[in-house]
Amino acid sequence: MRRAALGCIMLLVALGASAIEVSRGDIRLRLHESSARFSVDLRVGGEWKALLYPEDPRTSALDVREDNRVHRMGDSGRFRQFVLQTEEEVGFIWTSGSLRVEQLFRFTRAPASDRADALQMTITVTNTGEQPLETAVRLLLDTYLGERSNVHFVTPSASGFTREARLDPGPAVPYVASVPDAESDYGLQVMLYGEGVTRAEAAVLANWRRLFNSSWQYDANDGRNYNRLPYSINDSAMLVLYGGQRIPPGAQYSVVTYLGNLSVRGYLPPGAAAVVQEDDRLLDRLARVILRINALLDDPDVDPAEVDRLQAELDELSSLVRGR
């Protein structure tokens, strides 16, 4: 049972809302104007697959802190809302007497993909008031792909999370992904660290309702699973927090991240030429094999057949490299 506590009125409003839809290659972005939320779909085998919980876009959210106040964008009556759409980017702009908040998206791709399969998201907060202020942002993403398999999330060093966790972004944890299962070749990947990415302060994996209701920080407890009885069962989500900053009048605070299909080597900047070298494909395959090997190292019940499969793929990659 999922998200019953949001209420029928909110759900009906969200489902009936019109959306601006833009797609490039294998990624589709929808902006839901009435709720000021976005959703993302990926083309898999000719079929569009939702990467975030598809029934109600309101379950994901962008929160902006202004000194001691927290604004949930789209829900705060202090802001006027606009939609920006150009050839290069699309997104929301909100303005109040003291802030201008932009959430803009540009299409991009993984190094081993010759089609768009990811989005660069830039969040910019501008102090339009007359006094300095402390600001920060956090992003709540209502993931759902891993809930049926109980894998929930994967990182480069872990094959699945069944309990709450607080991740420390860095070289060892450059991203976190929500996948249908541990063997899946598609999913939603969110960058937390890397070239061109704002290093997140933390990423918290927990029950959606707990994260949705949290004031700002959330203390993960590895003794809790992704249930919050009686309504929110096996219901996981991801909260990405970014460190705050004091900005004077007229100054800006910006956060840049990427989200898209699985790509162990991250994503290219928007506008990169869609020419994929064979080396890129080989490196991507090798990185995926290494990722799976790392996951098996933490698995107490390793399937010998999986070890044989990985060895065979390593032998094939070695042969391909020698033959170049």
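Residues numbered from 1 in each chain as written. Predicted model: local features only at pLDDT ≥ 70, side-chain atom pairs only at ≥ 80, totals over all residues. Heavy atoms only, no water.

## Quick word on the overall build of the chain
Stated precisely, the cut-off is as follows: Think of it this way: any DSSP run of H or I at least four residues long counts as a helix, any run of E at least two long counts as a strand, and we number them from the N terminus. Relative accessibility thresholds used throughout: buried, under 20% of the residue-type maximum; exposed, over 50%; partly exposed, between the two (1.4 Å probe, protein chains only). Working rule for contacts: check all heavy atoms of both residues, and any pair within 4.5 Å makes them a contact.
Summing up its helical and strand segments, the chain has four helices and 19 strands in all. Residue burial in the chain is summarised as follows: out of 324 residues, 51% are buried. Of all intrachain contacts in the chain linking residues separated by at least 6 positions in sequence, the fraction that spans at least 24 positions is 64%.

## Let's talk about the sheet that holds strand β3 (residues 37–44)
Rule in force here: In this analysis, strands are considered paired if DSSP registers two or more bridges between them. Lines fitted to C-alpha atoms define the axes here, with helix axes fitted over just the stretch in contact, and angles between the N-to-C directions of these axes take values from 0 to 180 degrees.
Strand order in the open sheet formed by four strands is β1-β2-β3-β4, and the pairing between neighbours is antiparallel. Looking at which strands have only one partner, the edges of the open sheet turn out to be β1 (19–24) and β4 (47–50). When the angles between neighbouring strand axes are averaged without regard to direction, this sheet yields 25 degrees.

## Details of the sheet that holds strand β14 (residues 175–178)
Sheet architecture is open: eight strands sit in the order β7-β8-β9-β10-β19-β15-β14-β12, paired in antiparallel fashion. Strand pairing shows two members of the sheet lacking a second neighbour, β7 (80–85) and β12 (153–154), which therefore form its edges. Of the pairings in the sheet, the one linking strand β8 (residues 90–95) to strand β9 (residues 99–108) comprises six bridges and is antiparallel in character. Each bridged residue has a counterpart across the sheet, and for Phe-92 the counterpart in β9 is Gln-103.

## Quick look at the side chain of Asn-127
Definition in use: What qualifies as a polar contact is a pair of N or O atoms within 3.5 Å, subject to a donor-acceptor requirement within protein and to the restriction that residues adjacent in sequence count only when both atoms come from side chains.
Looking at where Asn-127 falls in the secondary structure, it is placed in strand β10 (residues 118–127). At 3.2 Å, the side chain of Asn-127 forms a polar contact with the backbone oxygen of Ile-247. With residues up to four places along the chain from it excluded, the contact list for Asn-127 reads Ser-98, Pro-132, Leu-133, Ile-247, Pro-248, Pro-249, Gly-250 and Ala-251.

## Quick look at the confidence of the model for the chain
The following threshold applies: Per-residue confidence from the predictor is reported as pLDDT, which spans 0 to 100.
Averaged over every residue, the pLDDT of the chain is 87; the share at 70 or more is 83%. In the model, residues 4–17 has pLDDT below 50 throughout and makes 18 contacts with residues more than four positions away in sequence or in other chains.

## Some points on the pairing of β8
In the case of a regular strand, side chains alternate between the two sheet surfaces. The element β8 is extensively covered by neighbouring structure, given that five of its six residues are classed as buried. Inspection of the sheet shows β7 paired to β8 by six bridges, in the antiparallel sense. Bridge pairing links Phe-82 to Ile-93 in β8. Connecting β7 to the antiparallel partner β8 that follows it, the hairpin turn spans four residues. Here β8 hands over to β9 after three residues, the two strands then running antiparallel side by side.

## Describing the nonpolar core
Quick note on the threshold: We define the nonpolar core as a collection of buried residues of types Ala, Val, Leu, Ile, Met, Phe, Trp, Tyr and Cys that are connected through side-chain atoms lying within 4.5 Å of one another.
Residues Leu-29, Phe-38, Leu-62, Val-101 and Val-137 are the most contacted members of the largest nonpolar core, which totals 67 residues. Here this core takes six residues from strand β11 (residues 133–141), the largest share from any one element. Once residues lying within four places of it in the same chain are set aside, the contact partners of Phe-38 are Leu-29, Arg-30, Leu-31, His-32, Leu-52, Gln-103, Phe-105, Met-121, Leu-141 and Leu-259. Counting twelve residues, the second-largest nonpolar core is a separate cluster that includes Val-151, Val-154, Tyr-175 and Met-191.

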